[in-house]
Amino acid sequence: MRSGKLTVVGAGPGDVELITLKGVRALQSADVVLYDALVDSRLLEHAPHAEKIFVGKRKGCYAYQQEQINDLIIERATQELHVVRLKGGDPFVFGRGAEEMEHASKFGVEVAVVPGISSSVSVPASQNIPVTKRGAAESFWVITGTTKEHKLSSDVCLAAKSNATVIILMGMSKLGEIMQLFKEEGKKETPVAIIQNGTTENEKIGIGTVASIEHKAKEQQLSNPAIIIIGEVVNHRQSILDIQKEFQEEGKKLLEKI
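Residues numbered from 1 in each chain as written. Predicted model: local features only at pLDDT ≥ 70, side-chain atom pairs only at ≥ 80, totals over all residues. Heavy atoms only, no water.

Asker: Just to check I follow, could you spell out the overall build of the chain for this structure?
Answerer: Counting its regular elements, the chain contains 8 helices and 12 strands. Residues counted as buried form 45% of the 258 residues belonging to the chain. Within the chain, contacts between residues at least 6 apart in sequence are counted, and of these 66% link residues at least 24 apart. Across the chain, the 31 positively charged side chains and the 33 negatively charged ones have centroids separated by 2 Å. (Helix = DSSP H or I, 4+ residues; strand = E, 2+ residues; numbered from the N terminus. Buried < 20%, exposed > 50% of the residue type's maximum accessible area, 1.4 Å probe, protein only. Contact = heavy atoms within 4.5 Å. Lys, Arg positive; Asp, Glu negative; His and termini not counted. Charge placed at Lys NZ, Arg CZ, Asp CG, Glu CD.)

Set out below in structure tokens:
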């Protein structure tokens, strides 16, 4: 016998306008919203009549442990309520959305997912950095910087050997280790970008190379939440800036002649 419903919704990378229409409709029909730290609180305005519970992590402190979040979902859903689990980015990209759906299903709760715009591709795009580009990158890796055991993923070592764009989430605490792996592959001059608080008004960006990015990160005080992008595609951003600057200068020259 089924009771209640859980809808896991991706809120997008940070900009409140980057949630999907389907995600907004899910919020509008919610009885309860469980939301994370990376979710802009303005999105909760789409659920004016719902109970809202913050279950995220801030400054290393958990409002709720994962087991407690699972219990909240079951407790509310078995009261025949519609529970929306609102997560930053896409809930299936390092978001534990799949785990929570699986857990709820075991209690007979109907489950659904609304995909979100993943920060892994949208945050670089917001800074004119494509994750693939003809002649520069034919593929891309998206890797967590920290595993469940709080270690650096072994996939980073494999990715460093490839010509693909490498995008690392939750990796700032291991920035030195990550860059060392790329140095060992002879990639000291490979471009690197770090984007903190991507797509939000507090966004910060640092650009460098494998050899220089640690210094840049310290200099600009870059920290989590941030995304690390490693690859030749990072140069596309500067190419666009150069082209725009050239057009602006040409425009000024034309105005001076008038």
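Asker: I would appreciate a short explanation of unusual backbone geometry in the present structure.
Answerer: A negative phi angle is the norm for most residues apart from glycine, just as the trans form is the norm for most peptide bonds. Residue P225 is reached from N224 by a cis peptide bond, and omega for that bond is 0°. Inspection of the secondary structure assignment puts P225 in the loop between α7 (213-219) and β12 (226-230). The backbone of N128 shows a phi angle near 60°, a positive value even though the residue is not glycine. Mapped onto the fold, N128 is located in the loop between α4 (119-126) and β8 (140-144). The class of N128 is partly exposed, set by a relative accessible area of 36%. For T199, which is not a glycine, the phi torsion comes out positive at approximately 70°. Summarising the element assignment, T199 is placed in the loop between β10 (191-196) and β11 (204-209).

Asker: Even after reading the chapter, I still don't get the sheet that holds β10, so can you show me in this structure?
Answerer: Note: strands within a sheet are paired through backbone hydrogen bonds, in either parallel or antiparallel orientation. Here we have 5 strands laid out as an open sheet, ordered β8-β9-β12-β10-β11, and mixed in their pairing. Unpaired on one side and paired on the other, β8 and β11 mark the two borders of the sheet. Pairs of neighbouring strands in the sheet enclose a mean axial angle of 15°, with direction left out of account. Judged from the 5 bridges that link them, β10 and β12 form a sheet pairing that is antiparallel. Bridge pairing in β12 places V192 opposite I230. Set on the sheet, α4 makes contact with β8, β9 (165-169), β10 and β12; between it and β12 the angle comes to about 80°. Across the face of the sheet, helix α6 (residues 175-184) comes into contact with β9, β10 and β12 while running at roughly 10° to β12. (Pairing = 2+ DSSP bridges. Axes fitted to C-alpha atoms, helices over the stretch in contact; angles between N-to-C directions.)

Asker: What is the right way to read the pairing of β10 from this model?
Answerer: The two faces of the sheet receive side chains in turn, since in a regular strand these alternate between them. Within β10, 6 of the 6 residues are buried, which leaves the element mostly enclosed by the surrounding structure. With burial as the criterion, each face of β10 is covered, one bearing P191, A193 and I195 and the other bearing V192, I194 and Q196. Pairing geometry for β10 and β11, over 6 bridges, is antiparallel. Paired with I194 across the strands is G206, a residue of β11.

Asker: What exactly am I supposed to notice about the side chain of T199 here?
Answerer: Look at T199 and you get buried, because its relative accessible area is 15%. A distance of 3.0 Å separates the side chain of T199 from the backbone nitrogen of D15, its partner in a polar contact. Residues contacting T199, with those up to four places away along its chain left out, are P13, G14, D15, L18, S122, V123 and S126. (Polar contact = N/O pair within 3.5 Å; in protein donor to acceptor, adjacent residues only side chain to side chain.)

Asker: In this structure, what is going on with the side chain of S122? I would like to understand it.
Answerer: With respect to the helices, strands and loops of the structure, S122 is situated in helix α4. Given the relative accessible area of 12%, S122 is considered buried. At 2.7 Å, the side chain of S122 and the backbone oxygen of S118 are in polar contact. Apart from residues no more than four positions distant in its own chain, S122 is found in contact with P13, I117 and T199.

Asker: Mind showing me how you'd approach the sheet that holds strand β7 (residues 110-114) here?
Answerer: Read across the sheet, 5 strands follow the order β3-β2-β6-β1-β7 without closing on themselves; strand pairing throughout is parallel. Each having just a single partner strand, β3 (51-54) and β7 make up the two edges of the open sheet. Going across the sheet, the axis of each strand differs from the next one's by a mean of 20°, ignoring polarity. Two strands pair when backbone bridges link them, and strand β1 (residues 5-10) and strand β6 (residues 82-87) are joined in this way by 6 bridges, in the parallel orientation. Within the sheet, the bridge partner assigned to L6 lies in β6 and is V83. The strands that helix α1 (residues 21-28) touches are β1, β2 (32-35), β6 and β7; relative to β6, the one it contacts most, it runs at about 135°. This element, helix α2 (residues 66-77), spans β1, β2, β3 and β6 of the sheet and lies at about 150° to β6.

Asker: Looking at this structure, how should I read the pattern of salt bridges?
Answerer: For side chains of opposite charge, pairing can occur when their charged atoms come near one another. Applying the stated rule across the entire model yields 7 salt bridges. The partner of R76 in a salt bridge is E75, and the shortest N-O contact between them spans 2.6 Å. Residue classification places R76 among the buried residues on the basis of a relative accessible area of 13%. Under the relative-accessibility criterion, E75 is labelled partly exposed at 41%. Beyond isolated ion pairs, a larger network of salt bridges with shared partners links D36, R85, K87 and E100. (Salt bridge = Lys/Arg side-chain N within 4 Å of Asp/Glu carboxyl O.)

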